[in-house]
Amino acid sequence: MSKHVLAQNQYGKAENRVVTVTRKGNDGAWHEIRDLNVSVALRGEYRDVHLTGDNGNCLPTDTTKNTVYAFAKEHGVASPEAFGILLARHFVTSQPVIHEAQVRIEEYAWERISVPTRKEQHSFVRKGQEVRTAQITYSETTGLQVLSGLKDLTVMNSTNSEFHGFIKDRYTTLQEAYDRILATKVTARWANSAPAADAEHDWDRSYDKVRRHMLEAFAETYSYSLQQTLHAMADRVLDHVPTVNEVRLNLPNKHHFLVDLEPFGLKNDNEVYFAADRMYGLIEGTIHRDGVRPVIATSDWITA
């Protein structure tokens with residue numbers, strides 16, 4: 001017997017790529033697609049498999065992979081959240097040794113390529129760089145938790161941003177800015193309230209609404225710091241989406257520096273910039289409703 005203590009542990013099948021095609025219309029010529037990357041992690045009575053190699057309580061990861069594909073066929077994919085809820089509940093309720101299941105999903109969006117001369121609509125092009133995310137955890141003791149989100153949503157304001165009045169010491173070289181580009185690549189996660197877990201909840205509509213309010217707040221906020229913009233984006237979501245209790249944002253400052261054109265006899269009047277990809281300032285924060293206990297991890301998105 002080991003003298004050391006087995007602490008938190010989990011296992012599952014990661015990054016199961018599944019694409020579903022739903023054919024609509026009398027002739028099935030109108031197609032809808034969902035393109036997902038699904039990861040499953042299971043927690044439960046796995047002491048023996050770690051300490052002695054006894055696999056009696058171990059549901060093979062290959063089985064979890066097969067379940068993802070079978071559920072895609074049997075239930076369809078109404079949304080990443082709805083699909084994840086079905087999977088998480090299934091693993092916990094179907095096997096007594098599994099006490100908690102976490103399903104993490106990324107969705108890659110596609111736009112339809114419309115061809116006026118063709119009635120069939122089955123051609124698509126990948127939509128932008130934004131990736132939709134969802135993390136669903138179902139536990140026997142704590143119930144259902146649904147975290148929605150997105151990543152790689154790149155946004156920019158070409159003006160209406162300043163940064164000045166900051167601390168200066170002998171190592172400070174940054175010049176104060178009274179008109180600058182503000183750009184970031186948004187990673188956002190938001191915790192949905194219990195009513196959102198209702199079977200009739202429209203996850204796609206909720207996602208679109210949160211995304212819209214974040215973008216509108218980014219565009220409409222005259223910014224004196226990226227921290228201020230972060231707060232405005234999360235605050236607006238909480239004001240307008242009642243089923244969201246908490247928002248966490250990760251905003252890297254995608255710096256744009258004015259290029260010195262004086263050697264060429266030219267004046268750069270906030271017109272030509274160098275876009276630096278690294279190093280970068282990283283601004284992170286969580287905003288939640290008063291009285292709500294935060295549940296979103298403050299480090300990595302995928303938690304142990």
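Residues numbered from 1 in each chain as written. Predicted model: local features only at pLDDT ≥ 70, side-chain atom pairs only at ≥ 80, totals over all residues. Heavy atoms only, no water.

(A) Layout of the overall build of the protein. What the protein contains, in helices and strands, is 5 helices and 10 strands. Taken along the three principal axes of its C-alpha coordinates, the protein extends 75 × 70 × 40 Å. Here the protein holds 304 residues, and 40% of them are scored as buried. A fraction of 66% describes how many contacts in the protein between residues 6 or more apart in sequence connect residues 24 or more apart. Within the structure as shown, the protein displays about 17,400 Å² of accessible surface, and the carbon and sulfur contribution to it stands at 50%. Separation of charge centres in the protein, based on 35 positive and 40 negative side chains, amounts to 3 Å. (Helix = DSSP H or I, 4+ residues; strand = E, 2+ residues; numbered from the N terminus. Buried < 20%, exposed > 50% of the residue type's maximum accessible area, 1.4 Å probe, protein only. Contact = heavy atoms within 4.5 Å. Areas by Shrake-Rupley, 256 points an atom, 1.4 Å probe, with all protein chains shown as cover. Lys, Arg positive; Asp, Glu negative; His and termini not counted. Charge placed at Lys NZ, Arg CZ, Asp CG, Glu CD.)

(B) Structural context of the nonpolar core. Grouped together as the largest cluster of nonpolar side chains are 28 residues, with contacts concentrated most on Val 38, Leu 42, Phe 83 and Leu 87. With sequence-adjacent residues up to four places away left out, Phe 83 is seen in contact with Leu 36, Val 38, Val 68, Phe 71, Ala 72, Gly 76, Val 77 and Ile 105. Counting residues in hydrophobic clusters, the runner-up holds 25 residues, among them Val 210, Phe 218, Ile 283 and Ile 287. (Core = buried A, V, L, I, M, F, W, Y, C linked by side-chain atoms within 4.5 Å.)

(C) Structural context of the sheet that holds strand β1 (residues 16–24). Spatial ordering of the open sheet is given by β1-β2-β3-β4-β5-β6-β7-β10, a layout of 8 strands whose pairing is antiparallel. The strands lining the two open edges of the sheet, one partner per strand, are β1 and β10 (281–288). For this sheet the average axis-to-axis angle between neighbouring strands, irrespective of direction, equals 20 degrees. By the bridge criterion, 9 bridges tie strand β5 (residues 143–157) to strand β6 (residues 182–192) in an arrangement that is antiparallel. The residue bridging Leu 150 from the neighbouring strand is Ala 188, located in β6. The sheet strands contacting helix α4 (residues 203–220) are β2 (30–44), β4 (124–139), β5, β6 and β7 (244–253), and the helix crosses β5 at an angle near 40 degrees. (Pairing = 2+ DSSP bridges. Axes fitted to C-alpha atoms, helices over the stretch in contact; angles between N-to-C directions.)

(D) The arrangement of the pattern of salt bridges in detail. With the rule as written, the count across this model stands at 16 salt bridges. When the shortest N-O distance is used, the salt bridge between Glu 81 and Arg 132 registers 2.8 Å. Placement of Glu 81 in helix α3 (residues 80–94) and of Arg 132 in strand β4 is noted, with a sequence separation of 51 residues between them. On the accessibility criterion, Glu 81 (1% relative accessible area) is buried. (Salt bridge = Lys/Arg side-chain N within 4 Å of Asp/Glu carboxyl O.)

(E) Seen up close, the pairing of β1. Looking at chain direction, β1 and β2 are connected through 9 bridges and run antiparallel. Opposite Arg 17, over in β2, you have Asn 37 as the bridge partner. Taking the residues between adjacent antiparallel strands as the criterion, β1 and β2 are bridged by 5 residues, where Gly 25 takes a positive phi near 90 degrees.

(F) Fine view of the pairing of β7. Within β7, 10 of the 10 residues are buried, which leaves it mostly tucked inside the rest of the structure. Here β6 runs beside β7; their pairing, made up of 7 bridges, is antiparallel. Note that in β7 the partner of Ala 191 across the bridge is Glu 246. Relative to β10, β7 runs antiparallel, the two sharing 8 bridges. Considered in β10, the bridge of Leu 249 is made with Gly 285.

(G) Fine view of the side chain of Thr 137. Tracing the chain through its elements places Thr 137 in strand β4. Here the side chain of Thr 137 touches Gln 102 through a polar contact of 3.3 Å, side chain to side chain. Not counting chain neighbours up to four residues away, the residues in contact with Thr 137 comprise Glu 100, Ala 101, Gln 102, Gly 143, Leu 144 and Gln 145. (Polar contact = N/O pair within 3.5 Å; in protein donor to acceptor, adjacent residues only side chain to side chain.)

(H) Quick peek at α4. Between its terminal C-alpha atoms α4 stretches 26 Å, which fits the 26 Å expected from 18 residues at 1.5 Å a residue. Within α4 the residues assigned to the buried category are Trp 203, Ser 206, Tyr 207, Val 210, His 213, Met 214, Ala 217 and Phe 218. One side of α4 holds all its buried residues, which, seen down the axis, span an arc of 135 degrees. Those residues of α4 that are exposed and aimed more than 90 degrees away from the buried face are Arg 205, Ala 219 and Glu 220. Against the buried residues of α4 lie α3, β4, β5, β6, α5 (226–240) and β7. Structurally, the start of α4 carries an N-cap: the backbone nitrogen of Asp 204 is 3.3 Å from a side-chain oxygen of Asp 202. (Expected span 1.5 Å × (residues − 1). Arc of directions from axis to C-beta.)

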